[in-house]
Amino acid sequence: MKLKIVSIIVVLTTLLAACGGPSTSAPVASGLPVDAAAIAKDRGLTPDDVAAALKTYMPSGKTDPYIMFASGGQSGQVLVIAMPSMRILKVIGVFTPEPWQGYGFGGSGNKVLEGGKVNGKEVLWGDTHHPNLSETKGDYDGEFLFINDKANARVAVIDLRDFSTKQIIKNPNAINDHGGAFVTPNTEYVIEGPQYAAPIGWEYAPLDQYKEKYRGLITFWKFDRLKGRIDPDQSFQIELPPYWQDLCDAGKGPSDGWFFCNSFNTELATGGIELGNPPFEAGTTKNDTDYLHIFNWKKAEEIFKAGKGKKINGMAVIDLETAIKENILYFAPEPKSPHGSDVTPGGEFIVVGGKLDPHVTIYSFEKIQAAIKAGNLNKDTYGVPVIPLDKVMEAQVELGLGPLHTVFDDKGYAYTSLFLDSAVARWSLGGPYEKKHPEPGWKLVQKLPVQYNIGHITAAEGDTASPDGQFVVALNKWSIDRFANVGPLLPQNFQLVDINNTGDKMKVLYDMPIGMAEPHYAQIIKADKLKPFEVYPKVGWDAEKMAVDPNAVTDPKLAGVKRDGKNVTVNMVVVRSHFTPERVEVQKGDHVVWRLTSIEQQRDATHGFALSGYNINLSIEPGKTEVIEFDANQAGTFTYYCTEFCSALHLEMIGYFLVKP
Ligand code: RUQ
Ligand code: CUA
């Protein structure tokens, strides 16, 4: 074993020399390698450990080739993680106020959070599940990120020019969701699939009217890329039977224009263990199969544009009857307690996992089309045509216990998370993918244990038309013995897996505890596809509108306090290391509009603005303008100060806010 470590280090030394590191005449042999070997020996590191360290280590000042956007689970936020070093770069405030970014403490973030009101009430958290990057021709384009809030049926839009949330939209007809936020191959739509059925608009209906009154509802949110916003007027919904629709994916290539969601609870279970009914966990798993939902969204779009949607709470809804009549919706059986619905990179197949079935089932889009064309289909209870499984199934691969989600690489392999087995299954795809790998198609190749109970899995560009390979990340629900004990609530564990090879050579490289909530899904993009601003493009930038604020005051000489009756306007210029003005005096009861503009143009010269006692806290990055508006309803002496250590005289960057009784 020691020999192996030494040989890795010899390779490293040679590599270093070849990369223009220390020249061979420098004392390499006596310096680094000996120490490195000693360190490895001292720490009891195996050759595999050393190799893993070499593959993930990022020297100071070097940047990673990949960026992962991970859901922040119940924190309502999104994590930005550099890969393969697994360093957290940012936590983006989305559904939850975030003080460092000044998101939700008086500035423009408040307007964004407003959009997320439920029944007129602020809901300042979210259960974020599935982040999805915007796509062009089926590839991530690095422009936008979308994410859903399962708890309240909301979708958020994050602009990747400044990595901040620009829009939260509440679904007017659903109270929870799950199958979102998934995009179509050109981000024509951001799709929000349902989860637990409820009457449309979540009005009251007794559970004994479940079959008649409760419904599933899928939403196609139209995305306006130029505006960077979802446009509800151009969006529509499709009414579905009250099965619990679950995870979805958009077709691409040959299947572009179609959309696929798995479902469960075709039993129409309504729970009630306390009444002697079977509990949901038994009631929803009785049937051997549920239904894969197959949508022709291009057809649905035509029907919506023809005005055949009924307006419910301001939203156009294509009812079930119309969806059936217009050939928008089909079912195909899927075994057993399905989860996950993932389209292969070329768009030929749909892979569905069965939580209680050891197989993944692979559906052929071509066969689906042929079966629809042949017609003569039986109908389910609600009249939806059902395509028999044997007519559309391409293959089934036995992988192990609890298959959930599947992602893909560039070598014709698929990777499925096995929740119960706590493993990542690598299996080979057949059909057109067969020529990419040495295995005959549709075959389990390797099961790699992960720690523990993997839920989602993500791969580098693994949802796109051209996956990268290289890495897979296991998003594990349990960590048990992986880390120092921090009490009964344990962190989730992300494990970085090396897949940069063929056959059964996958390896875990790195464990990354996630110290906040339960991330469900993540997507990994090549870092060089992202082109964020270094500073805002113009001084006076309104980050919510992504345009210059015409009222921004950028000249300190024009800064100051103006009064018009009870309305006070404060125009403030912010630059190292002072605010202008430094004294703001108003009368109790005045209405204050306070506009702050940073005239900094140097990268990272960010200022903060905290106004004690008024719950106001902003982040003012170079060029940004923020506007706060409030009633000065507490008299007293208050201070405002900069919360970013921006210069040697940062502590002096303060001012007094005096409110006269
Ligand atoms: S779903 S693993 Cu949203 Cu599988 Cu969580
Ligand atoms: Cu500005 Cu500290």
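Residues numbered from 1 in each chain as written. Chains lettered and ligands numbered in written order. Predicted model: local features only at pLDDT ≥ 70, side-chain atom pairs only at ≥ 80, totals over all residues. Heavy atoms only, no water.

### Focus: the overall build of the protein
Across its full length, the protein holds 10 helices and 44 strands. Taking 26 Å as the expected radius of gyration for a compact globule of 661 residues, we find that the protein reaches 28 Å, a close match to that expectation. Among the 661 residues that make up the protein, the fraction classed as buried is 59%. Here the analysis covers contacts within the protein between residues at least 6 apart in sequence; of these, 62% occur between residues at least 24 apart. Accessible surface, the protein as shown: approximately 27500 Å² in total, 55% of it carbon and sulfur. (Helix = DSSP H or I, 4+ residues; strand = E, 2+ residues; numbered from the N terminus. Rg over C-alpha atoms; globule rule 2.2 N^0.38 Å. Buried < 20%, exposed > 50% of the residue type's maximum accessible area, 1.4 Å probe, protein only. Contact = heavy atoms within 4.5 Å. Areas by Shrake-Rupley, 256 points an atom, 1.4 Å probe, with all protein chains shown as cover.)

### Remarks on the sheet that holds strand β44 (residues 654-660)
Across the sheet, which stays open at both edges, the 5 strands sit in the order β38-β44-β43-β40-β41 with mixed pairing between neighbours. For this open sheet the edge positions go to β38 (583-587) and β41 (616-620), each flanked by a neighbour on one side alone. Adjacent strand axes in the sheet meet at a mean angle of 15 degrees when their direction is disregarded. In terms of strand pairing, strand β43 (residues 636-641) meets β44 through 6 bridges, oriented antiparallel. Its bridge partner lying in β44, Gly 636 is registered against Val 659. (Pairing = 2+ DSSP bridges. Axes fitted to C-alpha atoms, helices over the stretch in contact; angles between N-to-C directions.)

### Focus: a nonpolar patch on the surface
Taken together, Trp 478, Ile 480 and Leu 490 make up a surface patch of nonpolar side chains, about 310 Å² in accessible area. Looking at where Ile 480 falls in the secondary structure, it is placed in the loop between β29 (469-476) and β30 (492-498). (Patch = residues over 30% accessible without salt bridge, like charges linked within 9 Å, V, L, I, M, F, W, Y side chains within 5 Å. Salt bridge = Lys/Arg side-chain N within 4 Å of Asp/Glu carboxyl O.)

### Here we look at empty space enclosed by the protein
Across all of its chains, the model carries 2 cavities of 30 Å³ or more by this definition. Its boundaries defined by the atoms lining it, the largest cavity holds a volume of some 180 Å³. Where the lining of the largest cavity is concerned, the elements lending two or more residues are β4 (132-136), β8 (182-183), β12 (244-250), β18 (338-343) and β24 (403-408). Residue classes in the lining of the largest cavity are distributed as 8 nonpolar, 8 polar and 5 charged. Along the wall of the second largest cavity there are 14 residues; nearest its centre are Asn 173, Ala 174, Tyr 196, Ala 198 and Arg 215. Residue composition of the lining of the second largest cavity, by class: 9 nonpolar, 4 polar and 1 charged. (1 Å grid on protein atoms, 1.4 Å probe; cavity = no way out; pocket = protein on both sides within 12 Å on 5 of 7 lines; lining within 4 Å. Points joined across faces, edges and corners; volume = space filled by probe spheres on them. Nonpolar A, V, L, I, M, F, W, Y, C, P; charged D, E, K, R; others polar.)

### Concerning the layout of surface pockets
For the largest pocket, the calculated volume is near 1400 Å³. Along the walls of the largest pocket sit 43 residues, with Lys 90, Asp 162, Phe 163, Pro 532 and Phe 533 positioned nearest its centre. Secondary-structure elements contributing two or more residues to the lining of the largest pocket are β2 (77-83), β3 (87-93), α4 (109-114), β7 (164-170) and β42 (624-631). Here the lining of the largest pocket gets 5 residues from one element, more than from any other, and that element is β3. Of the residues in the lining of the largest pocket, the class split is 17 nonpolar, 10 polar and 16 charged.

### A few points about the confidence of the model for the protein
Low pLDDT marks stretches whose predicted atomic positions should not be read closely. Looking at the protein as a whole, the pLDDT averages 94, with 95% of positions reaching at least 70. Here residues 9-31 is a poorly scored stretch, pLDDT under 50, and it has 15 contacts once near neighbours within four places are set aside; other chains count. (pLDDT = per-residue confidence, 0-100.)

### A few points about the pairing of β41
Burial analysis of β41 places 5 of its 5 residues in the buried class, which makes it a mostly covered element. Side chains of β41 alternate between two faces, with Ile 616, Leu 618 and Ile 620 and Asn 617 and Ser 619 buried alike. Sheet topology note: the strand β40 (residues 607-611)/β41 ladder contains 5 bridges and is antiparallel. Each bridged residue has a counterpart across the sheet, and for Leu 611 the counterpart in β41 is Ile 616. Here β40 folds back onto β41, and the loop between the two strands holds 4 residues, one of which, Gly 613, carries a positive phi near 80 degrees.

### Remarks on the sheet that holds strand β27 (residues 443-449)
Pairing in this open sheet of 4 strands is antiparallel, and the strands run β24-β25-β26-β27 from one edge to the other. Of all the strands in the sheet, just β24 and β27 have a single pairing partner and so form its edges. Neighbouring strand axes in the sheet, compared pairwise and without regard to direction, differ in orientation by 25 degrees on average. When strand β25 (residues 413-418) meets strand β26 (residues 423-428), the two strands line up antiparallel, connected through 6 bridges. Bridge pairing in β26 places Ser 417 opposite Val 424.

### Concerning the site of ligand 1
Around ligand 1, the surrounding shell consists of His 129, His 130, His 178, Leu 247, His 339, His 405, Gly 455, His 456, Lys 477 and His 520. Grouping the amino acids of the shell around ligand 1 by side-chain chemistry returns 1 nonpolar, 8 polar and 1 charged. (Near = heavy atom within 4 Å.)

### A word on the nonpolar core
Ranked by size, the top nonpolar core spans 38 residues in total, and within it Ile 218, Phe 220, Phe 236, Ile 238, Phe 259, Phe 295 and Ile 318 carry the most contacts. Discounting chain neighbours no more than four positions away, the residues touching Phe 220 are Tyr 189, Val 190, Ile 191, Ser 235, Phe 236, Ile 238 and Trp 297. Residues Phe 609, Leu 618, Ile 620 and Ile 628 belong to the second largest nonpolar core, which totals 26 residues. (Core = buried A, V, L, I, M, F, W, Y, C linked by side-chain atoms within 4.5 Å.)

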